[in-house]
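For reference, the chains in residue letters:
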Amino acid sequence: MTTIHGTSKGAPPPAPEELLGDAPGGAAAEARAPGTGRGERLSALAQQHGALAVLVVLTAVASLGFDSFATGDNFSNMAVSSAFLAIVALGMTFVIITGGIDLSVGSLFALGGVLAAWGSRYGTVVALLLPLAVCGTIGLVNGLLIARARLAPFIVTLAAMLAARGLLLTLTDEGAETYLVAEGSFLAELGQGSTLGVAHPVWITVALFAAGAVVLRRTRFGQRVYAIGGNEDAAALMGAPVARTKITVYAVSGLLAGLAGALNAAWLASGVTILGAGMELEAIAAVVIGGTLLTGGLGFVSGSLVGVLLLKVIQNVINQIGSLDSAYQQVVSGAFLAVVVVAQTWLGRRRRVL
């Protein structure tokens, strides 16, 4: 009898709760909770909330060490600058949980900003819909090539990154032309205005993460995302629409990257062409730091948001020190990411042993 990834040929397909495995809020997790050992629960807790604990400690230390850190203006600036990366990281979370990767989001972010600024001359509706349509379409093509043609996500999204950057340079005459967002327009108000003292991009980010958490944890689509990342062959045997789910995930990733770029252009009142370089790596780092496994099958929307905030706090602390070059931000972020990946691997092995 042949075996396909642990499933015997001719045997009945695995039950849905077996496929959902470690999905937060899934039936399997709830069913196993009473019988799980203390060590496994502690490992799962550390994996899910370890970044939050580090964020709290670092924020407390920075608040005591720097007079200008724990101020309303500083927190407001960090929240707004975090919002754009967080929206990109939200889409990346879904992609990585399926076991994929999206290297195109940085270029799509920059392209979305330029398209929004260029389209603002024709009204706010065009300024918002144009980047969503173009970037969402590029994400859709990525998904089709990955899911239907079975090409490697790394290669496909790398090609999309180069293509989006090339389109961006074409629209801006090799970066020589910068499109502006009219002052006082609705688009400018969307990026620069505030409600109840909180900037509009922050409100939009909170709403998107709330929706993302519900979709990932409380819908069939979210269960399929976890199932595909955990064991794609088993998910297909169960009857899950693997290809359609992957296509949707990459399309959403492109859509969110375009939206983040449009909001950033509204905030800056211009489509800056040099933005987005390396943003895909920041998004991946934030998602992994937040507890999502690079191998797929396990991840948390809330963790990705914490990962983004942690990276921004680290950058802000280095800026507060003043004597350190900005390159130290990348050194510290890279070292922290390496530690997190090692810790995730160790915790994952420990949970399997327990």
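For the structure itself, look to the data block above.
Just so it is clear, the model here is predicted, and its values are computed rather than measured. (Residues numbered from 1 in each chain as written. Predicted model: local features only at pLDDT ≥ 70, side-chain atom pairs only at ≥ 80, totals over all residues. Heavy atoms only, no water.)

K.L.:
Help me get a handle on helix H9 (residues 200-218), residues and values and all.
P.N.:
Compared with the 27 Å implied by 1.5 Å per residue over 19 residues, the 27 Å span of H9 between its first and last C-alpha is a close match. Residues of H9 that are buried: His 200, Pro 201, Val 202, Thr 205, Phe 209, Gly 212 and Leu 216. Tucked into the core, H9 has its buried residues touching helix H4 (72-97), helix H8 (186-192), strand E3 (194-195), strand E4 (198-199), helix H10 (220-230) and helix H14 (301-321). (Helix = DSSP H or I, 4+ residues; strand = E, 2+ residues; numbered from the N terminus. Expected span 1.5 Å × (residues − 1). Buried < 20%, exposed > 50% of the residue type's maximum accessible area, 1.4 Å probe, protein only. Contact = heavy atoms within 4.5 Å.)

K.L.:
Run through the side chain of Asn 74, naming residues and quoting values.
P.N.:
Of note, Asn 74 is situated in helix H4. What makes Asn 74 buried here is its relative accessible area of 12%. In terms of polar contacts, Asn 74 uses its side chain to reach the side chain of Asn 316, at 3.0 Å. Apart from residues lying up to four places away in sequence, Asn 74 is in contact with Ser 68, Phe 69, Asn 316 and Gln 320. (Polar contact = N/O pair within 3.5 Å; in protein donor to acceptor, adjacent residues only side chain to side chain.)

K.L.:
Can you explain the packing of helix H6 (residues 124-147) against helix H12 (residues 242-268)? Please cite residues and give values.
P.N.:
H12 packs onto H6 with a crossing angle of 150 degrees between their chain directions and a minimal axis gap of 7 Å. With respect to H12, the axis of H6 lies roughly antiparallel. In the packing of H6 onto H12, the handedness of the crossing is right-handed. Of the residues in H12, those touching H6 at Pro 131, Leu 132, Cys 135, Gly 136, Gly 139, Leu 140, Asn 142, Gly 143, Leu 144, Ile 146 and Ala 147 are Ala 243, Lys 246, Ile 247, Tyr 250, Ala 251, Gly 254, Leu 255, Gly 258, Leu 259 and Ala 262. (Axes fitted to C-alpha atoms, helices over the stretch in contact; angles between N-to-C directions. Parallel < 35°, antiparallel > 145°, perpendicular 65-115°, else oblique. Left-handed = near helix turned anticlockwise from the far one by under 90°.)

K.L.:
Hey, could you go over a nonpolar patch on the surface for me, with residue numbers and the actual values?
P.N.:
On the surface, Trp 118, Tyr 122 and Val 126 cluster together to form a nonpolar patch covering roughly 280 Å² of accessible area. With respect to the helices and strands, Tyr 122 occurs in the loop between helix H5 (105-119) and H6. We classify Tyr 122 as exposed; its relative accessible area is 52%. (Patch = residues over 30% accessible without salt bridge, like charges linked within 9 Å, V, L, I, M, F, W, Y side chains within 5 Å. Areas by Shrake-Rupley, 256 points an atom, 1.4 Å probe, with all protein chains shown as cover. Salt bridge = Lys/Arg side-chain N within 4 Å of Asp/Glu carboxyl O.)

K.L.:
So, unusual backbone geometry: which residues are in play, and what are the values?
P.N.:
The residue Arg 150 is not glycine, and still its phi comes out positive at about 60 degrees. Take Arg 150: it is sitting in the loop between H6 and helix H7 (153-171). Assessed through its relative accessible area of 67%, Arg 150 is described here as exposed. Even without glycine at this site, Leu 196 takes up a positive phi of about 60 degrees.

K.L.:
How would you summarise H5 if you had to cite specific residues and measurements?
P.N.:
Relative to the 21 Å expected for 15 residues at 1.5 Å per residue, H5 spans 20 Å between its end C-alpha atoms, a close match to the ideal helical length. Counting buried positions along H5 gives 14 out of 15 residues, so the element sits mostly inside the fold.

K.L.:
Tell me about the pattern of salt bridges, and name the residues and values.
P.N.:
One pass over the structure, following the stated rule, counts one salt bridge. With a closest N to O distance of 2.9 Å, Lys 246 and Glu 232 form a salt bridge. In this pair, Lys 246 is assigned in helix H12 and Glu 232 in helix H11 (residues 232-238), connecting sequence segments 14 residues apart. Glu 232 gets classed as partly exposed once you look at its relative accessible area, which sits at 27%.

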